[in-house]
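Chain and residue survey
Here's the letter readout for the chains.
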Amino acid sequence: MDTLSYKTVSANKATVDKQWVLVDAESKTLGRLASEVAKIIRGKNKPSYSPHVDCGDNVIVINADKVRLTGKKWTDRVYLTYTGYPGGQKKTTPRELKAKSSTLLVERAVRGMLPKNRLGRSIFHNLHVYEGAEHPHEAQKPKVVEL
């Protein structure tokens, strides 16, 4: 009987406690919001964090159309994508992305802060972004988090 034996408990898929979290993005700065959401999705705010396991919560972001960017970033920041073909580099600004769908802005910012591997791609599915204040996840009883 080892009474002073401390065991390191590593979380796995079966022992992870996943919750639903609601974040209101109204009048929040995009990068600051995205970094906090990425920490919650990754699970770094929990004491049972393991870097190789999806131990984060499911995050619902509402009012994504009311997110802020400081300075002249709406027009001066440029997002580059490359199709893989010669001459296939495309440029877009945050204003053009918001015109398509304002959820793309938040999703792109959070995705850039997640790991670039299989785990990061699977964790990204735990993010649910909506333009307005309505969302279809009321049955999960999300906990409201102030950032």
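Up top is the structure these notes are about.
Counting of residues starts from 1 at the beginning of each chain's written sequence and follows it residue by residue. Residue-level local features of this predicted model are given only where pLDDT is at least 70; pairs of side-chain atoms are given and counted only at 80 or more, and the full residue set underlies all totals for whole chains, interfaces and linings. Derived side-chain values reflect all non-hydrogen atoms in the structure, with water molecules and hydrogen atoms excluded from consideration.

The subject of this paragraph is the pairing of strand S3 (residues 79–82). Side chains on a regular strand alternate between the two faces of the sheet. Note: S3 against strand S4 (residues 89–92), four bridges, orientation antiparallel. Among the inter-strand pairings, Tyr82 is bridged to a residue of S4, identified as Gln89. Think of it this way: DSSP has to see at least two bridges between two strands before they count as a pair. Helix and strand definitions follow DSSP, with helices as H or I runs of at least four residues and strands as E runs of at least two, each counted in order from the N terminus. Hairpin connection of S3 to S4: six residues between the antiparallel strands, including Gly84 at a positive phi of 105 degrees.

Another aspect to go through is helix H4 (residues 102–111). Each α-helix turn comprises 3.6 residues. Residues three or four places apart therefore point the same way. The buried label goes to any residue with under 20% of its type's maximum accessible area, the exposed label to any with over 50%, and the partly exposed label to all in between, with areas taken from a 1.4 Å probe on protein chains only. Among all positions of H4, only Ser102, Thr103, Leu105, Val106, Ala109 and Val110 are buried. All buried residues of H4 lie within an arc of 155 degrees about the axis, which places them on one face of the element. The arc in question is the one traced by the directions running from the helix axis out to the C-beta atoms.

Turning our eyes to something else, we now look at the sheet that holds strand S2 (residues 58–62). Across the sheet, which stays open at both edges, the four strands sit in the order S5-S2-S1-S6 with parallel pairing between neighbours. Two strands close off the open sheet at either side, each with one partner strand: strand S5 (127–129) and strand S6 (143–145). On average, adjacent strands in this sheet sit at an angle of 25 degrees to one another, irrespective of strand direction. What makes two residues a contact is simply this: any of their non-hydrogen atoms within 4.5 Å. For helices, the axis comes from a line fit to the C-alpha atoms of the stretch in contact; other axes are also lines fit to C-alpha atoms, and the angle between any two N-to-C directions lies between 0 and 180 degrees. On the sheet, helix H1 (residues 30–42) packs against strand S1 (20–24), S2 and S5 and is oriented at approximately 155 degrees with respect to S2. Its contacts with the sheet place H4 against S2 and S5, and it is angled at close to 155 degrees to S5.

Moving on, we get to the pattern of salt bridges. A pair is scored as a salt bridge if a Lys or Arg side-chain nitrogen falls within 4 Å of a carboxyl oxygen belonging to Asp or Glu. The full count for this structure, using the stated rule, is four salt bridges. Salt-bridge contacts for Lys18 lead to Asp54; the nearest nitrogen and oxygen are separated by 3.1 Å. Highlighted residues: Lys18 in the segment before S1 and Asp54 in the loop between H1 and S2, separated in sequence by 36 residues. In this structure, Asp76 and Lys72 form a salt bridge, with 3.9 Å as the shortest nitrogen-oxygen distance. Among the residues examined, Lys72 registers a relative accessible area of 61% and is labelled exposed.

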